[in-house]
Amino acid sequence: MARKKLVILTGAGISAESGIKTFRDSDGLWEEYRIEDVATPEAWERNPELVQEFYNERRRQLYKAEPNAGHRAIAEAERWIDVEVITQNVDNLHERAGSTHVLHLHGLLTQARSSRNPDLIYDIEGTELKMGELAEDGTQLRPHIVWFGEAVPNLEPAAALTRKADYFAVVGSSLNVYPAAGLIAYTREDIPLFLVDPKPVSAPVRRHIEYIQEPASTGVPKLLERIKALENGK
Ligand code: APR
């Protein structure tokens, strides 16, 4: 029998227990910084040093962080179901936990790109990206991050994966940011939908959603048990 496909959309919450701050919780990053100062193309035009330092700090924190039980459970599920992770996160904790299919919607902290050409992408050695470091086209290297106001190039592939899902789950996202939050609308109508988050989150879809109101470390294993039970016809 063909294996079923589980598509999991993750957000900052899945990395919270690894010590990486979320954006919109009360101690979140957007309480400390203004989006307009560090995460828009205009911020980069105005004060690139500040933007570089913001992401250098994110990278330093990421180097100290380890995947948690939530990331690991998702990676281990590949043994019995086809798992596609679509993540809004710019950390690489899914990959480090062992997930082999991870699509990043908002870029990746460990990479830099040309300021002109979004397809000229490089791995960053270490944590610091500095002013004066150039891409092959002679432009300043910037973080490979999709900023507010920029297009999301991986949206189409993510929507295509979502259409193929037999099970769809959201883990650790407030579902505030579009177009990522709208992906759930691409699911086929008859499939089970799940949401794992310690806080109540409302999803932009008029369908039954099974809520697992727990942190990722315990909620993801429960989610997978639930899907296993459905697979076994329970
Ligand atoms: N386990 C699971 N979820 C958690 C945990 C945890 N341990 N701790 C917090 N959460 C939940 C919060 O309750 C919240 O619903 O994670 C969610 C985090 O929401 P946001 O901070 O808004 O993060 P996210 O949805 O990923 O943000 C989307 O916004 O700023 C941009 O580009 C950035 O990709 C990001 C996007």
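A quick note: this is a predicted structure, and the numbers were derived from the prediction, not measured. (Residues numbered from 1 in each chain as written. Predicted model: local features only at pLDDT ≥ 70, side-chain atom pairs only at ≥ 80, totals over all residues. Heavy atoms only, no water.)

(A) Highlighting the site of the ligand. Near the ligand there are 23 residues, and of these Arg 24, Trp 30, Ser 173, Ser 174 and Asp 197 occur at the shortest range. Ser 173 has a polar side-chain atom sitting 2.7 Å from an oxygen atom of the ligand. Measuring from an oxygen atom of the ligand, one finds a side-chain N or O atom of Asp 197 at 2.6 Å. Here the ligand has 730 Å² of accessible area as a free molecule, and 92% of this is covered by the chains. Its residues placed into classes, the shell around the ligand shows 10 nonpolar, 8 polar and 5 charged. Two domains each provide a minimum of three residues to the shell around the ligand, namely domain 1 (1-19 + 67-106 + 152-234) and domain 2 (21-64 + 112-145). (Near = heavy atom within 4 Å. Polar contact = N/O pair within 3.5 Å; in protein donor to acceptor, adjacent residues only side chain to side chain. Areas by Shrake-Rupley, 256 points an atom, 1.4 Å probe, with all protein chains shown as cover. Nonpolar A, V, L, I, M, F, W, Y, C, P; charged D, E, K, R; others polar. Domains from an automatic or database assignment.)

(B) Inspection of the domain arrangement of the protein chain at higher detail. When cut into domains, the protein chain gives domain 1 (1-19 + 67-106 + 152-234) and domain 2 (21-64 + 112-145). One C-alpha centre belongs to domain 1, the other to domain 2; they are set 26 Å apart. Summed over both sides, the interface between domain 1 and domain 2 buries roughly 770 Å², with carbon and sulfur atoms accounting for 60% of that surface. Counting across the domain 1 and domain 2 interface gives 1 salt bridge. Across the pair Asp 25 and Lys 199 runs a salt bridge, and its minimum N-O distance is 2.4 Å. The tally of links from domain 1 across to domain 2 stands at 1 residue pair in polar contact (both at pLDDT 80 or more). Of all elements in the fold, only α1 (13-16) and α7 (93-97) reach the threshold of two or more residues within the side of domain 1 that touches domain 2. A breakdown of the residues in the side of domain 1 that touches domain 2 according to their chemical character gives 5 nonpolar, 6 polar and 3 charged. (Buried area = accessible area lost by both parts, 1.4 Å probe. Salt bridge = Lys/Arg side-chain N within 4 Å of Asp/Glu carboxyl O. Helix = DSSP H or I, 4+ residues; strand = E, 2+ residues; numbered from the N terminus.)

(C) The arrangement of the pairing of strand β2 (residues 82-87) in detail. Counting buried positions along β2 yields 5 of 6 residues, so the element is predominantly enclosed. Two elements, β2 and strand β3 (residues 102-104), share 3 bridges in a ladder whose sense is parallel. The partner of Val 85 across the bridge, within β3, is Val 102. (Buried < 20%, exposed > 50% of the residue type's maximum accessible area, 1.4 Å probe, protein only. Pairing = 2+ DSSP bridges.)

(D) Structural context of the pairing of strand β8 (residues 193-196). Alternating residues of β8 divide into Leu 193 and Leu 195 and Phe 194 and Val 196, and every residue in both groups is buried. Pairing of strand β7 (residues 167-171) with β8, which is carried by 4 bridges, proceeds in the parallel orientation. Across the sheet, residue Val 171 finds its bridge partner in β8, namely Val 196. When β8 meets strand β9 (residues 210-212), the two strands line up parallel, connected through 3 bridges. Counted as the bridge partner of Phe 194 is Glu 210 from β9.

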